[in-house]
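Residue strings, one per chain:
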Amino acid sequence: MKLDPRKIAEIIKIPLKQWPGNCYGIAVQILEHKIVRGTARYGHFHGKINPDSIFGARPFAHHGWIERRTTIVDPTRWAFE
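## Some words on the side chain of Thr-76
Mapped onto the secondary structure, Thr-76 falls in the segment after strand 3 (72-73). Excluding residues that lie within four positions of it along the chain, Thr-76 makes contacts with Trp-19, Cys-23, Ile-26, His-63 and Gly-64.

Now the structure itself:
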């Protein structure tokens, strides 16, 4: 399943420029608007973080995403890059 962030932004009425730093809120909105089914989760992102992102060059950052039965939907993953 490929999700288009621009279309999702229109549906949830939160512009893409407001997504970085609001990962859990975006995940919850996606669930509330029934774009995907799953459970909102909150934890840490331990992947590569671009020093030019809003997260700087931290070794990890707090992060929110959606867990499904066999997959993860991470609508704001791009904000780390």
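## Focus on unusual backbone geometry
Even without being a glycine, Lys-13 presents a positive backbone phi close to 60°. Relative to the helices and strands, Lys-13 resides in the loop between helix 1 (5-12) and helix 2 (23-32). Among the residues examined, Lys-13 registers a relative accessible area of 69% and is labelled exposed. With a phi close to 60°, Lys-34 is a non-glycine residue in the positive phi region. With respect to the element layout, Lys-34 can be found in the loop between helix 2 and strand 1 (39-45). Judged by relative accessible area, Lys-34 falls into the exposed class, the value being 72%.

## Observations concerning the pairing of strand 2 (residues 61-67)
Along strand 2, 5 of the 7 residues are buried, which leaves the element largely enclosed by surrounding structure. Judged from the 7 bridges that link them, strand 1 and strand 2 form a sheet pairing that is antiparallel. Bridge pairing in strand 2 places Ala-40 opposite Ile-66. Remark: 4 residues form the turn of the hairpin made by strand 2 and strand 3, two consecutive strands paired antiparallel.

The rules we used
- Residues numbered from 1 in each chain as written.
- Predicted model: local features only at pLDDT ≥ 70, side-chain atom pairs only at ≥ 80, totals over all residues.
- Heavy atoms only, no water.
- Helix = DSSP H or I, 4+ residues; strand = E, 2+ residues; numbered from the N terminus.
- Contact = heavy atoms within 4.5 Å.
- Buried < 20%, exposed > 50% of the residue type's maximum accessible area, 1.4 Å probe, protein only.
- Pairing = 2+ DSSP bridges.

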